[in-house]
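Listed here are the chains, written in short residue letters.
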Amino acid sequence: MTTKECFSQYVANTYARFPVELVSGKGELLRDADGRDYIDMGAGIAVNTFGMADKEWADAVSAQLHALQHTSNLYYNEPCGRLAEALCTRTGMKKVFFSNSGAEANECAIKTARKYAAKTKGGDYYTIITLKNSFHGRTLATLAATGQDTFHHDFLPLTQGFVYAEANDLSSVVSLARQHKCAAVMIEMIQGEGGVNVLTPEFVEGVARLCEEEDLLLIVDEVQTGNGRTGKLYAYMHYDITPDLVTTAKGLGGGLPIGAVLFGEKTKDTLKPGDHGSTFGGNPAVCAGALNILSRLTPDFLDEVEKKGEAVRKALQGVKGVRSITGMGLMLGIETDGDAGEIVSLAIERGILPLKAKNKIRLLPPLNISWENLNKAISILSAVIEEKSSCNG
Ligand SMILES: *Cc1c(COP(=O)(O)O)cnc(C)c1O
């Protein structure tokens with residue numbers, strides 16, 4: 001049986017997959033089962049921060065695996081404590097809860113917001129305002145938080161207590177905050193799955209002011225935008241705000257499952273023993289890898305991420321068939337004349353692996369991608385975009 005046959009017989013059919021079987025890689029270069037190489041422009045959906053099989057990261061994980069791979073949360077382990085310390089030191093947040101995924105991090109933030117509001121205002125103040133077109137995860141509560149009907153149908157009834165405002169329309173948030181008894185507002189600085197839509201500073205700072213005035217918690221979902229992706233350690237750092245809760249996951253682990261909730265001053269003591277937990281959360285091997293990733297996201301490295309993003313924009317701006325480019329750093333969305341799905345498929349045939357988000361091409365390469373391969377990937381992508389624009393137009 002081939003791997004593809006094995007999948008079609010035994011793996012649940014929940015993903016539309018490209019006809020590529022990856023077997024190995026180094027950095028931004030990935031090899032398939034037929035021995036073809038690709039330049040990775042997706043990093044496992046913003047997960048492989050330093051690309052495939054990064055030596056420093058793999059050594060950190062493997063040393064920890066040989067010493068202590070798991071303890072449960074009944075005991076202390078050093079990498080978990082050190083990672084929490086590093087996250088707080090780098091952000092000014094006060095405490096951290098570790099989970100295994102973005103959805104779980106958001107679940108914890110939602111539970112924290114509900115408890116905080118119940119204690120400070122009363123049990124009926126549970127509504128959380130999220131944005132239309134957002135994406136917060138696949139569990140029942142985070143699905144409810146996700147402001148896209150396409151994910152909701154077939155899974156009703158959803159968890160109660162979520163209402164959806166228009167992104168970049170402060171009056172829409174204000175009016176929902178007046179109509180409902182609210183606990184929090186939850187936003188992505190750049191809507192990733194929603195199509196790489198960047199929130200404006202006026203909107204984000206307006207929401208932060210509203211939260212301050214009404215004592216609503218400001219929850220920032222940095223699952224995709226976090227960990228250096230946008231050229232700052234966390235995307236909220238591009239804005240003049242201090243979140244009450246930050247959730248992150250994807251790129252933090254460099255390729256292993258981790259999620260984290262960062263608690264600010266208001267929420268740092270909201271959860272008490274027994275309120276929340278996770279068997280694998282704070283796993284020492286995963287945390288040792290994440291510590292290595294975080295230690296390498298230095299100011300100089302992040303400047304380089306920003307520069308690479310600017311170079312990509314510049315290279316694509318004049319290309320025939322490119323309508324617009326959105327995003328920050330190495331999280332970019334490209335709206336094209338040609339069909340994004342067809343462009344991605346052809347790009348894969350030509351040896352690069354870009355992603356899609358809604359009707360856009362989405363680029364999330366490893367942050368340490370070499371300039372040479374970045375330029376090569378962009379010239380292949382440009383040619384494909386141009387080709388597809390003339391055959392559609
Ligand atoms: C991917 C993503 C999630 C869900 O993360 P999982 O690890 O798949 O559960 C949540 N929020 C945002 C913004 C994401 O991009």
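Thresholds applied
- Residues numbered from 1 in each chain as written.
- Predicted model: local features only at pLDDT ≥ 70, side-chain atom pairs only at ≥ 80, totals over all residues.
- Heavy atoms only, no water.
- Near = heavy atom within 4 Å.
- Polar contact = N/O pair within 3.5 Å; in protein donor to acceptor, adjacent residues only side chain to side chain.
- Areas by Shrake-Rupley, 256 points an atom, 1.4 Å probe, with all protein chains shown as cover.
- Helix = DSSP H or I, 4+ residues; strand = E, 2+ residues; numbered from the N terminus.
- Nonpolar A, V, L, I, M, F, W, Y, C, P; charged D, E, K, R; others polar.
- Expected span 1.5 Å × (residues − 1).
- Buried < 20%, exposed > 50% of the residue type's maximum accessible area, 1.4 Å probe, protein only.
- Contact = heavy atoms within 4.5 Å.
- Pairing = 2+ DSSP bridges.
- Axes fitted to C-alpha atoms, helices over the stretch in contact; angles between N-to-C directions.
- 1 Å grid on protein atoms, 1.4 Å probe; cavity = no way out; pocket = protein on both sides within 12 Å on 5 of 7 lines; lining within 4 Å.
- Points joined across faces, edges and corners; volume = space filled by probe spheres on them.
- Salt bridge = Lys/Arg side-chain N within 4 Å of Asp/Glu carboxyl O.

Undergrad: An account of the site of the ligand is requested, with residue identities and associated values reported.
TA: In the vicinity of the ligand, the residues found are Ser101, Gly102, Ala103, Asn106, Phe135, His136, Gly137, Glu188, Asp221, Val223, Gln224 and Lys250. With respect to the ligand, the backbone of glycine 102 contributes an N or O atom lying 2.8 Å from an oxygen atom. Phenylalanine 135 places a main-chain nitrogen or oxygen 3.2 Å from a nitrogen atom of the ligand. Protein coverage of the free-state accessible area of the ligand, which is 380 Å², stands at 81%. It is helix α5 (residues 102-120) that provides the largest number of residues to the shell around the ligand, a total of 3 residues. Classifying every residue of the shell around the ligand by side-chain character gives 3 nonpolar, 6 polar and 3 charged.

Undergrad: Can you tell me about α5, naming the residues and giving the values?
TA: Helix length check: α5, at 19 residues, gives a terminal C-alpha distance of 27 Å against a target of 27 Å (1.5 Å per residue), a fit within 8%. All of the buried residues along α5 are Gly102, Ala103, Ala105, Asn106, Cys108, Ala109, Ile110, Thr112, Ala113, Tyr116 and Ala117. At the C-terminal side of α5, glycine 122 shows a positive phi close to 130°.

Undergrad: An account of the side chain of asparagine 48 is needed here, citing residue identities and associated values.
TA: As for its position among the elements, asparagine 48 is in the loop between α2 (43-46) and α3 (55-67). Beyond its immediate chain neighbours, meaning those up to four positions away, asparagine 48 contacts Ala43, Gly254, Gly255 and Pro366.

Undergrad: I'd like a description of the sheet that holds strand β14 (residues 331-336), backed by residues and values.
TA: Strand order in the open sheet formed by 4 strands is β13-β14-β17-β16, with antiparallel pairing between adjacent strands. With partners counted over all chains shown, the strands left at the sheet margins are β13 (322-328) and β16 (355-357), one partner each. The mean angle between the axes of side-by-side strands here comes to 30°, regardless of whether they run parallel or antiparallel. With 6 bridges joining them, β13 and β14 adopt antiparallel strand pairing. Paired with isoleucine 325 across the bridge in β14 is isoleucine 334.

Undergrad: Describe the environment of lysine 94, naming the residues involved and giving the relevant values.
TA: When you line up the elements, lysine 94 lands in the loop between α4 (78-91) and β4 (95-99). Residues lysine 94 and glutamate 265 lie 171 residues apart in sequence; the distance between their C-alpha atoms is 6.2 Å. Ignoring anything within four residues of it in the chain, the contact list for lysine 94 reads Cys88, Phe263, Gly264, Glu265 and Lys268.

Undergrad: Go over empty space enclosed by the protein, please, and point to the residues and values.
TA: Counted by the stated rule, this structure contains 2 cavities of 30 Å³ or more. Here the largest cavity is characterised by a volume of approximately 40 Å³. The wall of the largest cavity is formed by His70, Thr71, Ser72, Asn73, Asn77, Thr279, Phe280, Gly281, Gly282, Asn283 and Pro284. Of the residues that constitute the lining of the largest cavity, the class distribution is 2 nonpolar, 9 polar and no charged. Surrounding the second largest cavity, Ala46, Thr49, Gln224, Gly226, Asn227, Arg229, Gly251 and Leu367 form its lining. Classifying every residue of the lining of the second largest cavity gives 2 nonpolar, 5 polar and 1 charged.

Undergrad: So what about the sheet that holds strand β15 (residues 352-353)? Which residues, and what values?
TA: Strand pairing in a sheet is mediated by backbone hydrogen bonds. Such pairs are either parallel or antiparallel. Judged by pairing direction, the sheet is mixed, and its 4 strands sit side by side in the order β1-β2-β3-β15 without closing on themselves. In this open sheet, the two edge strands, each paired with only one partner strand, are β1 (22-26) and β15. The pairing of strand β3 (residues 37-40) with β15 spans 2 bridges and is parallel. Bridged to isoleucine 39 within β15 is isoleucine 352.

Undergrad: Could you give an account of the pattern of salt bridges, with specific residues and numbers?
TA: If you walk through the whole model with that rule in mind, you get 16 salt bridges. In this structure, aspartate 37 and arginine 31 form a salt bridge, with 2.8 Å as the shortest nitrogen-oxygen distance. With a relative accessible area of 37%, aspartate 37 lands in the partly exposed category. Taking the relative accessible area as the measure of exposure, arginine 31 reaches 39% and is therefore partly exposed. Taking the shortest distance from any N to any O, the salt bridge between aspartate 275 and lysine 115 comes out at 2.6 Å.

Note that all results are geometric; they support no functional claim without further evidence.
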